[in-house]
Amino acid sequence: MFSMAAICCLTSCENNQRNGALYLDESAPIDSRVEDILDRLTLEEKVALCHAQSKFSSPGVQRLGVPELWMNDGPFGVRSEVLYNSWTKADTNNDSCTAFPALTVLASSWDTQLAAKYGQALSEEANYREKDVQLAPGINIFRTPLNGRNFEYMGEDPFLVSKMAVPYIRAIQDNGVAVCVKHFALNNQEYLRDTINVEVSDRALREIYLPAFRAAVQEGGAWSVMGSYNRFRGQHCTHHEYLINDILKGEWGFDGVLISDWSATKNAYEAAMNGLDLEMGTLKPYNDYYMADSLLYLVRSGKVPESVVNDKARRILKLNLRTAMNRNRPWGSFNSREHTDLARSIAEQGIVLLKNDGSLLPVDTDKYRKIAVIGENAVRTHASNGGAAALKPRYEITPLEGIRARFGNESEISFARGYSAYNYSLEDGTVLPSQYDNKKLADEAVELASESDMVIFVGGLNHNWHQDSEGYDRDSYGLPYGQPELVERIMEVNENVVLVLVSGTAVDLRFSDAVPAIVQAWYCGSESGNAIASVLAGDVNPSGKLPISFYAELEDCGAHAFGPETYPGVDKNVTYTEGIYVGYRWLEKKNVKPLYAFGHGLSYTEFEYGAPSVNKKTAGRNDVVKVSFDLTNTGKMDGAEVSQVYVSQVNPSVDRPVKELKGFAKTFLKSGETASVEISLPVGEWAFWDEASDGWKLEPGEYVISVGAASDDIKHTLNVTVK
Ligand code: BGC
């Protein structure tokens, strides 16, 4: 059945056929064009669309001129080329990209406009490299600081992740490149990721683990989604009846392509029937993929209706028309000055000043003439490691290079490695011991510290396996390679220590009580060292805030409060017993103080919050409550403040978190300047998932609106009644 538009399109296409190729009427609606192509395909051609033809591409239809689809990792840049049929790096010279900061850094900026700029620049790099689908963003929730892939994600709060992901997605797709939002769903640990089965309540699923995916689809309009490796309630997520058929494609109306994670497909019938559209990465010859000859057999033998294959082909053709066949796609640009400048500015906006007693930061070079830079992360680059997110950056400025460039003219900069990481040989997994003698390194560092005016200790984690790395979780919460002991020894000879942490997630910082200043520098990509140096110097006033909780101890995290059943799981089952109480929700429920709270981040200036007011004291489900307040920069430096609004229900009929993030705004203010800040809160978003009625429920009654600078720094509260 075709609509009039489709018939016109068909007729014009038929008239325009040359040697079997399509000359489509590009003004016809996309769905008509899809139907037009679909109608010309044989069953074999439709099935061929549904599986890979190389490591990162799927076939088009050669006979008709429908192009191939080229996919590429990842969230922080356009990954280097691999050989056609393997993971082996291709020896190409034209694929050294801009390494943008990790998504954790972007999330720490709390700047939605910056997220759009990030997406825009990434799509330009993807277009230049002729990639149709960018395997990004990663939006799984930080459930435990031990998850090896946290650095690829955007933190622990579903509201923040949603708000940051949507502009990034829209900007990428505006340029004719599809996103592939990953990893759907509940991929919250790397340990046993291929087989682990997650048991979680419907409520936690809906309130914590799915909202960012829903926003990506419904608000971002994502054109593809990647099914994850893990299982949920016994079924693999890449072909999960409830998650994909019922929720993603049913409830949310997703009209894009569900792509498997690489080798996550396990069963032909289930994959066919449960919504998988495009199978990638299965470790078999392409015809032996589940969605290749087996699918053909299932259709021919009547076990799977052809309409199921038609639906998949339709989605894939639509993706193709949106990307590869989109003639309005710009050419893009690669490694431009604009991109590296943006990479630097994202890093500068995302670095978080965790602690500052004011004695050391910003660095006063008149006072501190001899600066010792200590720690392996001062000289280590990171963007080229970590798994699928690894890039081949054209360059990466190390912290030592950045510090030398910024302070070298005014101060004397010396370096001592201090400690050294073991290394993994990434080819075969062998652990290669460090080439250094760690005792000697530590002694040299302590000696250098004793002769210096101040120490910048650049430590943290790296992308070795069992640290911030795909495929493995961290072994422990502590900092590796003897760093805590080394910092303590340094503090004995020189108390002027700034700790710069390069890591994608929270670490145990109990050793740092006496350290005067701590900077969370994450993984900042190409311009890493320059961004760190500008924050240390005060050229940039830090404004990043934590998208995660920095637990004092690992056991303070809900996922670790119940024993191995809740992490890392027993007999390949992991139960999310903490339910909706993830991150600060758990800490606040248990009244446990983190070392640094969700939303925390200091500045070199101070901000004063005026008393807030709301546009309505009584509101209905479809109303938007607008909270307004004056924000004044009362300090001496220009700077930016991320104001946060949390909402709590006063007497809920079910247990609810103490408070939940429901709005935020980042405001740049000159010293002495006041701005009126307005934050919109759609009341419908205050609902909880009601398991009894299997739906969202907004209860009438009193709600408290808390306005603050962090989850543990609430400045003012006021009440609103929901009718
Ligand atoms: C990762 C995905 C990635 C894919 C392709 C998988 O191992 O989980 O995030 O996009 O490989 O590289």
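**A closer look at the overall build of the protein chain**
Within the protein chain, the regular secondary structure consists of 18 helices and 29 strands. Taking 27 Å as the expected radius of gyration for a compact globule of 723 residues, we find that the protein chain reaches 26 Å, a close match to that expectation. With the principal axes as the frame, the protein chain shows a C-alpha extent of 80 × 65 × 50 Å. Of the contacts made within the protein chain by residues no fewer than 6 positions apart, 75% connect residues no fewer than 24 positions apart.

**So, the domain arrangement of the protein chain**
Each assigned domain of the protein chain is listed with its residue range as follows: domain 1 (43-85 + 117-322), domain 2 (342-546) and domain 3 (607-722). A separation of 35 Å is found between the C-alpha centroids of domain 1 and domain 2. Facing 22 residues of domain 1, the contacting portion of domain 2 comprises 24 residues. The junction of domain 1 with domain 2 conceals about 1,800 Å² of combined surface from both sides, 63% of it contributed by carbon and sulfur atoms. Contact with domain 2 buries area across many residues of domain 1, yet P145, L146 and F151 alone supply 33% of it, more than any other trio. Counting every contact that joins domain 1 to domain 2 gives two salt bridges.

**Comments concerning the state of the cysteines**
The full count for this structure, using the stated rule, is zero disulfides. Summary of cysteine pairing: C50 is not part of a disulfide, and the nearest cysteine sulfur, belonging to C180, is at 15 Å. Between C237, a cysteine without a disulfide, and C180, which holds the nearest cysteine sulfur, the sulfur-to-sulfur distance is 14 Å.

**Brief notes about the site of the ligand**
Taken together, 15 residues are adjacent to the ligand, and D73, R149, H183, D261 and E470 come closest. In this structure, R79 approaches the ligand through a side-chain N or O atom, which is 3.2 Å from an oxygen atom. Computed on the free molecule, the ligand has an accessible area of 310 Å², of which 96% lies beneath the protein chains in the complex. Taken atom by atom, the bulk of the ligand overlaps the largest pocket. Considering only residue class, the shell around the ligand consists of seven nonpolar, one polar and seven charged.

**Quick notes on the pairing of strand β2 (residues 69-72)**
The pairing of strand β1 (residues 57-58) with β2 spans two bridges and is antiparallel. By the bridge assignment for β2, S57 is matched with W70.

**Re the pairing of strand β16 (residues 497-502)**
Along β16, six of the six residues are buried, which leaves the element largely enclosed by surrounding structure. Of the two faces of β16, the one holding V497, L499 and L501 and the one holding V498, V500 and V502 are both buried throughout. Taken together, the six bridges between strand β15 (residues 454-460) and β16 define a ladder with parallel strand orientation. Bridged to I456 within β16 is V498. Crossover connection from β15 via helix α16 (residues 483-493) to parallel β16: handedness right-handed. Pairing geometry for β16 and strand β17 (residues 517-520), over four bridges, is parallel. By the bridge assignment for β17, L501 is matched with Q520.

**Digging into the packing of helix α7 (residues 202-209) against helix α9 (residues 241-251)**
It is at 15 Å that the axes of α7 and α9 come closest, and there the two elements cross at 50°. Classified by the interaxial angle, the pair formed by α7 and α9 is oblique. Here α7 runs over α9; the crossing is right-handed. Residue-level contacts link D202, L205 and R206 of α7 to Y242, L243, I247 and E251 of α9.

Calculation notes
- Residues numbered from 1 in each chain as written.
- Predicted model: local features only at pLDDT ≥ 70, side-chain atom pairs only at ≥ 80, totals over all residues.
- Heavy atoms only, no water.
- Helix = DSSP H or I, 4+ residues; strand = E, 2+ residues; numbered from the N terminus.
- Rg over C-alpha atoms; globule rule 2.2 N^0.38 Å.
- Contact = heavy atoms within 4.5 Å.
- Domains from an automatic or database assignment.
- Buried area = accessible area lost by both parts, 1.4 Å probe.
- Salt bridge = Lys/Arg side-chain N within 4 Å of Asp/Glu carboxyl O.
- Disulfide = S-S within 2.5 Å.
- Near = heavy atom within 4 Å.
- Polar contact = N/O pair within 3.5 Å; in protein donor to acceptor, adjacent residues only side chain to side chain.
- Areas by Shrake-Rupley, 256 points an atom, 1.4 Å probe, with all protein chains shown as cover.
- 1 Å grid on protein atoms, 1.4 Å probe; cavity = no way out; pocket = protein on both sides within 12 Å on 5 of 7 lines; lining within 4 Å.
- Sits in = over half its atoms within 2 Å of the grid points.
- Nonpolar A, V, L, I, M, F, W, Y, C, P; charged D, E, K, R; others polar.
- Pairing = 2+ DSSP bridges.
- Buried < 20%, exposed > 50% of the residue type's maximum accessible area, 1.4 Å probe, protein only.
- Right-handed = clockwise from strand over helix to strand, strands pointing away.
- Axes fitted to C-alpha atoms, helices over the stretch in contact; angles between N-to-C directions.
- Parallel < 35°, antiparallel > 145°, perpendicular 65-115°, else oblique.
- Left-handed = near helix turned anticlockwise from the far one by under 90°.

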